[in-house]
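Now for the letters of each chain:
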Amino acid sequence: MPLRGRVVAAPPGVHGFDANSVLNRRICEVAKARGFEFCIRYVSRQDVQPVGDLSEAEANVILDAGLALMVVQHVAPENWSPSQALGTKNGKNAARHARQIGFPDGVNVWLDLEGAKTSTPHETMIAYCNAWFAEVESAGFVPGVYVGARAILTGNELFWRLTTKHYWKSGSRVPDIPHRGYQLIQTIIRNDKIDGVAIDRNLTKNDNFGGSVLWLSASRSAQA
């Protein structure tokens with residue numbers, strides 16, 4: 001079943017969080033009461049989603065609580081090796097899971113880019129990313145990239161060589177995106193939790209070209 005709500009461009013200055021735990025109604029209500037307006041949850045690289053990743057039922061709980069929603073795909077364990085073929089496989093699975101959960105066309109689906117082998121050739125990483133983006137885009141979603149530690153690529157490569165127009169800055173020390181800038185800024189606070197669930201905080205902004213993240217919203221307060 002399609003998820004309730006509509007895809008909207010996020011206004012700047014909105015607080016949210018990402019979490020790697022299943023969120024229940026109470027956690028979402030506590031988050032909303034604390035001023036959070038959106039969350040980002042995970043989908044798998046594998047063909048079948050494990051229990052701890054986002055499901056249709058959890059997505060409806062999140063949206064019903066008035067939080068906007070996007071998804072990011074889990075990155076592989078440290079020192080993973082990218083390839084164009086792997087980008088195609090992972091991107092296809094990210095899109096499949098987003099569709100099975102019920103996301104409509106036009107929402108941002110995020111690639112978590114971090115932790116790759118330091119010896120990875122830059123051209124190989126570019127090929128991996130663009131193959132991932134192509135799969136997500138061909139499925140009707142709008143790809144974005146979370147730039148984390150050991151993303152391999154320089155700021156110029158992230159801007160000029162990748163086909164995405166949506167950039168999420170991690171809480172790690174990472175390159176700036178020339179010309180465009182970031183649309184989502186993560187802040188990591190030690191032991192930050194909502195009702196016992198570990199989170200990282202995020203803040204929306206319009207990039208230098210007026211672009212913003214695109215999320216699924218069922219709450220008027222989270223719409224542009």
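Residues numbered from 1 in each chain as written. Predicted model: local features only at pLDDT ≥ 70, side-chain atom pairs only at ≥ 80, totals over all residues. Heavy atoms only, no water.

Focus on the overall build of the protein chain
Stated formally: Secondary structure counts use DSSP, requiring at least four H or I residues in a row for a helix and at least two E residues in a row for a strand, with both numbered from the N terminus. As a reference, a globule follows 2.2 Å times the number of residues to the power 0.38, and the radius of gyration itself is taken over C-alpha atoms. Between buried and exposed lies partly exposed: a residue is buried under 20% and exposed over 50% of the maximum accessible area for its type, with that area taken using a 1.4 Å probe on protein chains only. Should any heavy atoms of two residues lie within 4.5 Å, those residues are considered in contact. Exposure was quantified through the Shrake-Rupley algorithm and a 1.4 Å probe, taking into account, for residues, occlusion by the shown protein chains and nothing else. Here the positive residues are Lys and Arg and the negative ones are Asp and Glu; neither His nor the chain ends is included. All charge positions are set by atom: Lys at NZ, Arg at CZ, Asp at CG, Glu at CD.
Summing up its helical and strand segments, the protein chain has 5 helices and 12 strands in all. The C-alpha atoms of the protein chain give 16 Å as radius of gyration, which agrees with the globular expectation for 224 residues (17 Å, within 12%). The dimensions of the protein chain, computed from C-alpha atoms along their principal axes, are 45 × 35 × 30 Å. Counting only residues that meet the buried cut, the protein chain has 53% of its 224 residues in that class. Intrachain contacts of the protein chain at a sequence separation of at least 6 include 71% that bridge at least 24 residues. Of the accessible surface of the protein chain, which amounts to about 9,700 Å², a share of 52% is contributed by carbon and sulfur atoms. Of the charged side chains in the protein chain, 24 are positive and 21 negative, and the gap between their average positions amounts to 2 Å.

Structural notes on helix α3 (residues 84-101)
Put simply, the test is: The span expected for a helix works out to 1.5 Å for each residue beyond the first.
Helix length check: α3, at 18 residues, gives a terminal C-alpha distance of 26 Å against a target of 26 Å (1.5 Å per residue), a fit within 8%. Listing the buried residues of α3 in full gives G87, N90, G91, N93, A94, A95, H97, A98 and I101. Here the buried face of α3 lies against β3 (38-43), α2 (56-64), β4 (68-73), β5 (108-113) and α4 (122-138). Looking at the residues trailing α3, positive phi occurs at G102, about 120°.

As for the nonpolar core
Under the convention used in this document: What we call a nonpolar core is a set of buried Ala, Val, Leu, Ile, Met, Phe, Trp, Tyr and Cys residues that are connected through their side-chain atoms within 4.5 Å.
Among the nonpolar cores identified, the biggest contains 54 residues, and F17, L23, F103, V109 and M125 are the most heavily contacted of them. When residues of this core are assigned to their parent elements, the largest contribution, 7 residues, is made by α4. Excluding residues within four positions of it along the chain, L23 makes contact with F17, C28, C39, R41, E58, V61, I62 and V197. Of all hydrophobic cores here, the second largest spans 15 residues; its members include A10, F38, Y146 and W168.

Focus: unusual backbone geometry
Here I152, not a glycine, exhibits a phi torsion of approximately 80°, which is positive. Residue I152 is classed as buried on the basis of its relative accessible area, which comes to 17%. In this structure, N191 is a non-glycine residue whose phi angle is positive, near 60°. In this structure N191 comes out as exposed when scored by relative accessible area, which is 62%.

Some words on the pairing of strand β11 (residues 200-204)
Rules: Note on pairing: DSSP must find at least two bridges between two strands before they are called paired.
Residue alternation in β11 divides its side chains into a buried set, D200, N202 and T204, and an unburied set, R201 and L203. Note that strand β2 (residues 15-18) and β11 share 4 bridges and pair antiparallel. When the sheet's bridge partners are listed, H15 is paired in β11 with L203. Here 4 bridges tie strand β8 (residues 184-187) to β11, and the two strands are oriented antiparallel to one another. Looking at the pairing, Q186 lines up with N202 of β11.

Side note on the environment of Y182
Put simply, the test is: Under this definition, polar contacts are N or O atom pairs within 3.5 Å; protein pairs additionally need one hydrogen-donor-capable and one acceptor-capable atom, and for neighbouring residues in sequence, both atoms have to be side-chain atoms.
Mapped onto the elements of the fold, Y182 is located in the loop between β7 (167-169) and β8. Between the C-alpha atom of Y182 and that of A76, which follows or precedes it by 106 residues, the distance is 23 Å. In this structure Y182 touches V147, Y167, W168, K169, V174, P175, D176, I177, K205, N206 and D207, once residues within four positions along its chain are discounted. A polar contact of 2.6 Å, which involves the side chain of Y182, links it to the backbone oxygen of P175.

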